[in-house]
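# A structural walkthrough
Given next are the chains, with one letter for each unit.
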Amino acid sequence: MTLAVDSALFTGDALFAGGIGRFDFSNSDGRALLEGIRSQLLTQPDDFLVYSGHGPVSTIGQERRYNPFL
């Protein structure tokens, strides 16, 4: 679940600077995680800030261009 406030996205454990959330748990679904990121987050403007549950702040544009998992 992501919370959007103005041009900031609080992505919890879904999208990180240079990474994505874990999907190696028995109750997780890697395809659903990637589909949600692609359809809900990467459709946002490049300058939207990404505040994840851990790590540094990023932007949608930076993740779209440099995140190796996407």
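See the structure shown above.
Residues numbered from 1 in each chain as written. Predicted model: local features only at pLDDT ≥ 70, side-chain atom pairs only at ≥ 80, totals over all residues. Heavy atoms only, no water.

Let us look at the nonpolar core. The biggest cluster of nonpolar side chains holds 11 residues, and these are L9, A14, L15, I20, L33, I37, L41, L42, F48, V50 and I60. Ranked by the residues each element gives to this core, the list is headed by helix 1 (residues 30–41), at 3 residues. Every residue in contact with L33, bar those within four places of it in the chain, is listed here: A14, I20, G21, R22 and F23. (Core = buried A, V, L, I, M, F, W, Y, C linked by side-chain atoms within 4.5 Å. Buried < 20%, exposed > 50% of the residue type's maximum accessible area, 1.4 Å probe, protein only. Helix = DSSP H or I, 4+ residues; strand = E, 2+ residues; numbered from the N terminus. Contact = heavy atoms within 4.5 Å.)

Per the stated rule, a full pass over the model turns up 1 aromatic pair. With 5.1 Å between their ring centres and 15° between their planes, F10 and Y51 make a pair best called stacked. On the criterion of sequence distance, the pair formed by F10 in strand 2 (residues 8–12) and Y51 in strand 5 (residues 49–52) is long-range, its members being 41 residues apart. Residue class for F10 comes out partly exposed when judged on its relative accessible area of 37%. (Phe/Tyr/Trp six-rings, centres within 6.5 Å; stacked < 30°, edge-to-face > 60°.)

So, about the environment of P68. Tracing the sequence through the fold places P68 in the segment after helix 2 (60–66). Taking the C-alpha atoms as reference points, P68 and I20, 48 residues apart in sequence, are found 9.3 Å from one another.

What follows deals with the sheet that holds strand 2. Judged by pairing direction, the sheet is mixed, and its 4 strands sit side by side in the order 1-2-5-6 without closing on themselves. The sheet terminates laterally at strand 1 (3–5) and strand 6 (58–59), the two strands that pair on one side only. Examined bridge by bridge, strand 1 and strand 2 share 3 bridges and lie antiparallel to one another. Among the inter-strand pairings, A4 is bridged to a residue of strand 2, identified as L9. (Pairing = 2+ DSSP bridges.)

Right, let's get into helix 1. With 12 residues, helix 1 should reach 16 Å at 1.5 Å per residue; the first-to-last C-alpha distance of 16 Å fits that figure. Where helix 1 is buried, its residues contact strand 2, strand 3 (15–16), strand 4 (19–20) and helix 2. Two to three positions downstream of the cap, the backbone nitrogen of R31 sits 3.1 Å from a side-chain oxygen, assigning the N-cap of helix 1 to D29. (Expected span 1.5 Å × (residues − 1). Polar contact = N/O pair within 3.5 Å; in protein donor to acceptor, adjacent residues only side chain to side chain.)

The next point concerns unusual backbone geometry. Non-glycine residue D6 carries a positive phi angle of around 55°. Examined against the element boundaries, D6 turns out to sit in the loop between strand 1 and strand 2.

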